[in-house]
Amino acid sequence: MTKREKKDLARIIASAALLIAVNLIPIDGWVKFALYLVPYLIVGFEVLKKSAVNIAHGQIFDENFLMAVATIGAFAIGEYNEACFVMIFYEVGELFEHVAVGRSRKSIAALMDIRPDTANLERGGEIEEVDPDEVEVGSVIVVRPGERVPIDGEIIEGETSLDTVALTGEAVPRSAKAGDAIISGCVNLTATVRVRTTKEAGESTVAKILELVENSADNKAKSEDFITRFAKFYTPVVVIGAVLLAIVPSLFDGQWTKWIHQALTFLVISCPCALVLSVPLSFFGGIGGASKNGILIKGSNYLEALAKTSAAVFDKTGTLTKGEFAVQSVKPVGISERELLELAAYAELDSSHPIAESIRDAFGGKIDRERVTEWKNEAGRGVTAVIDGARVLCGNEKLLRESGIDVQKTGGTGVHIAKDGEYLGSIVISDSLKPGARDALEALGRGGVKTIMLTGDHKSAAEEIAAKVGIDEYHAELLPQDKVSKIEEIIGKYGSVGKVLFCGDGINDAPVLARADIGVAMGAMGSDAAIEASDVVLIDDKLEKLAKALEISRKTNRIVTENIVFALAVKAVVLALGLFGAATMWEAVFADVGVLVLCILNAMRCLRFK
Amino acid sequence: MKKAYKIDIDCANCASKVEAAVNKLEGVKKCTVSFMTGKLTLETDADDQTEIMKEVIRTAKKIEPDCEITAK
């Protein structure tokens, strides 16, 4: 509790104690009135003062004014105890609100306390502790065990393991050695490393993430706007209702005290605070809970929209698959598998294409350069080489057909090999699925989300991955611009039922990310392009996090709905009871503060996502 | 020009009232007040917000005399 909250609490306790004491004194008349005024003013003076100031400013319908009128009214009709009690309870509610908001702010702040204040800069052989903002790109910094990495960079010396839990929610440490990229915000666990910085502190991952989370509160959700607009009408309507209730029946039966008393009940519950607070508090908590899991959501509006996802569209390479090619099968014709692989590896010895790399990896043996006398890259088709004096073709169907060689069809991406005009077989290369991709898509499917894959790859390769990952629908051989028109087509089809989400690696699908209702970028560790272009960022590469994000979104939305429905229902019931004189100010203030407390407690559940 | 300020305000409803009022001011493109983060973001046509901030503070004080707006 802050100092101010403690003071408020002291005032509430003092006032409550005095109220009890005053009740025990058997007196009447003006002395009684004066005595009751003491606890009332102790707890309510601030409220009275504020409402006076606000009226001077032309702000009539604020909660201070309502409480002031309700309690002064109660005093006027001789309900001293009621007046004091209502004021005390109102203050209890306010205090609770402050403490709760402070709590959730603090827990978010702790979550975001991942930016170190200093960097150990190496300068002329000495290590100096400096502000990370002063470190220039290309400088060398030292990160000791137990320290947080201040700036993105590349390890130039040392081998360690990194704790990325603050960024990704992943508890298993990641190992990193010289040559590996190192991301700011991670904690260095085991050994000292020297790092050459690749970015400025302000451009580093940790700064980007903090900025994003801080700005997320600016994008308000629809239900937030709804409740704000509702509050604008609700309060004046209830107050007018109260005035009518006080005057109209009294004109008929002349029982002014009775009807005014009932009307005051209206005023007590006309404050929309519980509602107006609980909605943003829930979203704030949901966004915080998501970031704890390595899911960054750029606004309450996206957190709200995620739950309404009707179709999730995925890019193939790098999103559903690892983006690393590997030899899947070797289909030799007339020679052994090993011989075919060897021949291909020799032919591809100098190619930097990922497919060539995967063939060399699969061969694994040493390559004797002397045996290759001629080598030529045939752009977009493959390579030709002279190995041991024989002319070898190694590439796609087209390359071999051009030389009049017949090839056998393969599934996936096939590399065909021929030697001196004779077809020797093919090697099928495929990208492997990301671990967990299948489970993640299954989880989405269970939630009623249609899954769709878009890829620029061949139909056969797409078909294979689609079957393996269990996707509902796929579209292959799309050029980048086709992807945008495809997503528009999908939005046309599924947009009426809900939101269309696109999930990509964020590198070359920025237009698609922007076009989709919700753009989700994956593996944003170190890529600011992805952070810029998307609405939701999954910091590590894991697709499970997408399913998790939807789950968090659904839970947050459920809590928001619960709060709205519950608060409105209670207010409606108390209003109805008050109308017939069945509810007094006691019940009204109980209901009002009770709703506030319950809504806040409910909203704070959003923070606790595991 | 978009800039963020710190706003110390007491209740969520007041924050939304301040937001609505500031958005009505001339020269303000967009204003958001987040009660949860205690932040007021002001987007204006003009690059210099010193003048308009005076107006913003006056408007906010009118709605909630207790609130404090300071540069971040």
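Rules behind the numbers
- Residues numbered from 1 in each chain as written.
- Chains lettered and ligands numbered in written order.
- Predicted model: local features only at pLDDT ≥ 70, side-chain atom pairs only at ≥ 80, totals over all residues.
- Core = buried A, V, L, I, M, F, W, Y, C linked by C-beta atoms within 7 Å.
- Buried ≥ 20, exposed ≤ 12 C-beta atoms within 10 Å, placed from the backbone.
- Contact = placed C-beta atoms within 7 Å.
- Helix = DSSP H or I, 4+ residues; strand = E, 2+ residues; numbered from the N terminus.
- Nonpolar A, V, L, I, M, F, W, Y, C, P; charged D, E, K, R; others polar.
- Domains from an automatic or database assignment.
- Pairing = 2+ DSSP bridges.

Undergrad: When you look at the nonpolar core in this model, what are you seeing that I'm missing?
TA: Soluble globular proteins tend to pack their nonpolar side chains together in the buried interior. Residues and elements named next belong to chain A. Counting 164 residues, the largest nonpolar core has Val86, Met87, Val313 and Val520 as the members making the most contacts within it. In this view, Met87 contacts Tyr40, Val43, Gly44, Val47, Met67 and Thr71; residues no more than four positions away in its chain are not counted. Core analysis: the next-biggest nonpolar cluster, separate from the first, contains 27 residues, Val330, Ala356, Val392 and Ile429 among them.

Undergrad: Sorry, what's going on with the interface of chain B and chain A here?
TA: When the parts of a complex come together, some accessible area is lost, and that lost area is often taken as the interface size. The interface of chain B with chain A comprises 14 residues on the first partner and 16 residues on the second. Elements supplying a minimum of two residues to the side of chain B that touches chain A: α1 (12–23), β2 (28–34), β3 (39–44) and α2 (50–63) of chain B. Counting residues per element, the side of chain B that touches chain A draws most heavily on α1(B), at three residues. Looking at the side of chain B that touches chain A residue by residue, the classes come out as six nonpolar, six polar and two charged.

Undergrad: Would you explain the environment of Thr50(B) in this entry?
TA: All names here are of chain B. As for its placement among the helices and strands, Thr50 is situated in helix α2. A count of 7 C-beta atoms within 10 Å places Thr50 in the exposed class. Taking the C-alpha atoms as reference points, Thr50 and Ala60, 10 residues apart in sequence, are found 15 Å from one another.

Undergrad: It is not clear to me how the domain arrangement of chain A should be interpreted in this structure. Could you clarify?
TA: Parsing chain A into structural domains produces domain 1 (119–149 + 153–198) and domain 2 (323–432). Relative to domain 2 of chain A, the C-alpha centre of domain 1 of chain A lies at a distance of 41 Å.

Undergrad: What's the story with the pairing of strand β3 (residues 140–143) of chain A in this structure? I'm lost.
TA: For a regular strand, side-chain orientation follows a simple rule: the groups alternate between the two sheet faces. Residue and element names in this part refer to chain A. On β3, burial follows the alternation: Ile141 and Val143 on one face are buried, whereas Val140 and Val142 on the facing-out side are not. Two elements, β3 and strand β9 (residues 193–197), share four bridges in a ladder whose sense is antiparallel. Its bridge partner being in β9, Val142 is matched across the sheet by Arg194.

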